[in-house]
Amino acid sequence: MDTLSVSGLAKSYGSTAVLQGLTFELRPGECYGLLGPNGAGKTTTLRCALGLTAPDAGTIRLAGLPVPERAREARSRVGIVPQMDNLDPDFTAAENLLVYGRYFGLPDRAVHERIPRLLEFAGLGGRAEAKINTLSGGMKRRLTLARALVNDPDILFLDEPTTGLDPQARHLIWERLKQLLAQGKTVLLTTHFMDEAERLCHRLAIMDRGRFIAEGSPREVIAAHIEPEVVEVYGEPGGAPAGPPQGGAAKDMEQAQPANEHHPLPRERGRGDGSLMSAADWARAEAAQFATRVEVTGETAFCYLTESAPLLRHLAGRQGLRYLHRPANLEDVFLKLTGRDLRD
Amino acid sequence: MNAFRPPSPSLRFIPVWRRNFLVWRKLAIPSVLGNLADPMIYMLGLGYGLGALLPEVGGVSYLAFLAAGTVCFSTMNAATFEALYSAFSRMQVQKTWEAILNAPVALDDLVLAELVWAASKASLSGAAILAVVAALGLVSSPLALWALPVVFLAGLAFAALGLIVTALAPSYDFFMYYFTLIVTPMTLISGVFFPVEQLPAAFQALSSLLPLSHAVKLARPLLLGEAPPAAALHIAVLAGYAVTAFWLALGLARRRLLK
């Protein structure tokens, strides 16, 4: 296989095992996604694949060559878009491409020929002479993508390519990646954006603490790990914690808020039937009869279910609760498998 | 793989050298001026100022004595600054090294390119000083042209030492240790400003272990029109420093960047 194949990859730093026996293979022409929280080992996997970090165990073949033994040669057939831009600030856009092309042993003439096409592809057609510090974040990322193509590689590695970009820029990058995939290139992508993974990846793997915890096409992973539908339930803004039901003629009431309360009470606002509830309390009391699984985070209740109609009917009759009904997506799988705790 | 295995660079260091050259070209004039001005001021100020007070030093006028010292001193400073501040900026701040290592360039090639580039820059400034020295009539014979390869070799030695410091430095401030503890004392005991023989024996011995005095012992006779005695020894010491320090710097860089 002339793309990337990794078998039994293991790497530890001191006593921390960062990669614990990873095995995967890229099929030619596919986009393969590596997803995972911070510290999962995605960037370490990329670095091992490129021969920039020596693994403790495992075999790697990149572009048909063993890594790290022939990593330098293998990298001549790969294009890499790193997480942080590292364009040469002293050069113009065109000079960045020229200088980079030389690292691949390409003669100047050949690179000069490619530069207009590459800039055009990046949407920087008129900006060959632009200095890097005049380019926006999105333009720099597009230029970095163009730079990764200077050697016309068959394999591309992208490390969080749209982090920090606005929606227009993200969509442009996605379109370009789809074009590259249509040309038959193979792409390995790491990302935190589940919509990106769902849009672009033919197959993906979710990593945590150095292991794969889910693998397959986006649909397969969603179907295998989570209920098909989600109803997110929020308390209305101004909704109060449950108290005894107010009798008949409830009017707007102001509740005094002591200034030194650690958790100031929200203001009560009277509603017709007087039932005032937060989503969390509602969920604890009533969600279980409607949903297979319920997660409460702060003031939001996530209800995972197969059949949403009963719950939606129930909520329609409920005052004080707002909801969002949608299909389950990769982010739900991700949070279910890796948890909602921060990974610093 | 052991970080301190022997270096195995390839010709891929050339495009990295070219990249540095291209950046330099954009800022060439201020750069050359900077490398030229400082040592010239020392040389002319001390040479004429002190020279008027001093009898012959080492058999010649103080200005003529100082000329060779100045050539070596400026070569050392130029190589050191490039291998320290510029290389560190590329490695740590701009992440240029990271970008280059994503290409089919090994760290061996990259560090060699930085080494040869710093030596090239130093050679340019050394050559410029040599030209000024010649213009002042302080050069007696064409033997002085041999000072150019000496300057390049010295540039390699000092750049290699500088790259060790860069590979270890957590920040720019760290470089002060190197200048204060090594470069400045070395400058004062290596025959740049006065003959080494003026020093107590212990310092003379120390001086002979350090590369700068060897560069001076090659450059001064050449500028004064004589073949340097024990040239092979001095060349060997400079080359030895260049090779050993490069090996060590590369090993440290591998440990820092490729773990």
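- Per an unreviewed UniProt entry, chain B is named Transport permease protein, and its organism is Candidatus Desulfobacillus denitrificans.
- Turning to chain B, the UniProt record has this under Function (unreviewed entry): "Part of the ABC transporter complex NodIJ involved in the export of the nodulation factors (Nod factors), the bacterial signal molecules that induce symbiosis and subsequent nodulation induction. Nod factors are LCO (lipo-chitin oligosaccharide), a modified beta-1,4-linked N-acetylglucosamine oligosaccharide. This subunit encodes the transporter."

### Concerning the nonpolar core
All names here are of chain B.
Here's step 1: Judged by nonpolar contacts, the single largest core of 151 residues is most densely connected at C72, L115, A159, A160 and A219.
Here's step 2: Top contributing element to this core by residue count: helix α3 (residues 62-93), with 19 residues.
Here's step 3: With residues up to four places along the chain from it excluded, the contact list for A159 reads A79, E82, A83, L115, A118, A119 and A122.

### Thoughts on the interface of chain A and chain B
Here's step 1: Of the residues lining the interface, 20 residues belong to chain A; the matching set on chain B comes to 21 residues.
Here's step 2: Those elements that provide at least two residues to the side of chain A that touches chain B are α2 (71-75) and α3 (93-103) of chain A.
Here's step 3: Residue contributions to the side of chain A that touches chain B peak at four residues, all from α3(A).
Here's step 4: The residue makeup of the side of chain A that touches chain B, split by class, is 11 nonpolar, three polar and six charged.

### Some details on α3(A)
Here's step 1: For α3(A), a buried count of 11 out of 11 residues is recorded, marking the element as mostly surrounded by other parts of the structure.
Here's step 2: Among the residues making up α3(A), those that are buried are A:A93, A:A94, A:E95, A:N96, A:L97, A:L98, A:V99, A:Y100, A:G101, A:R102 and A:Y103.
Here's step 3: The inward-facing, buried residues of α3(A) abut α4 (108-121) and α5 (137-148) of chain A together with α1 (13-26) and α4 (96-101) of chain B.
Here's step 4: Where α3(A) ends, the next residue or the one after it, A:G105, has phi of about 80°, a positive value.

### Description of the environment of A:G123
Residue and element names in this part refer to chain A.
Here's step 1: Residue position: G123 is located in the loop between α4 and α5.
Here's step 2: Between the alpha carbons of G123 and R61 there is a distance of 34 Å; along the sequence they are 62 residues apart.
Here's step 3: Not counting chain neighbours up to four residues away, the residues in contact with G123 comprise R142 and L172.

### Some points on the sheet that holds strand β11 (residues 229-235) of chain A
All names here are of chain A.
Here's step 1: Strand order across the open sheet formed by four strands is β12-β13-β11-β14, with antiparallel pairing between neighbours. Of all the strands in the sheet, the pair left with one neighbour each is β12 (293-297) and β14 (321-327). The average undirected angle you get between the axes of adjacent strands in this sheet is 20°.
Here's step 2: For β11 and strand β13 (residues 300-305), the ladder comprises six bridges, and the chain directions are antiparallel. Its bridge partner being in β13, E229 is matched across the sheet by L305.

Thresholds, definitions, all that
- Residues numbered from 1 in each chain as written.
- Chains lettered and ligands numbered in written order.
- Predicted model: local features only at pLDDT ≥ 70, side-chain atom pairs only at ≥ 80, totals over all residues.
- UniProt positions renumbered as here; feature names shortened; annotations may be inferred.
- Core = buried A, V, L, I, M, F, W, Y, C linked by C-beta atoms within 7 Å.
- Buried ≥ 20, exposed ≤ 12 C-beta atoms within 10 Å, placed from the backbone.
- Helix = DSSP H or I, 4+ residues; strand = E, 2+ residues; numbered from the N terminus.
- Contact = placed C-beta atoms within 7 Å.
- Nonpolar A, V, L, I, M, F, W, Y, C, P; charged D, E, K, R; others polar.
- Pairing = 2+ DSSP bridges.
- Axes fitted to C-alpha atoms, helices over the stretch in contact; angles between N-to-C directions.

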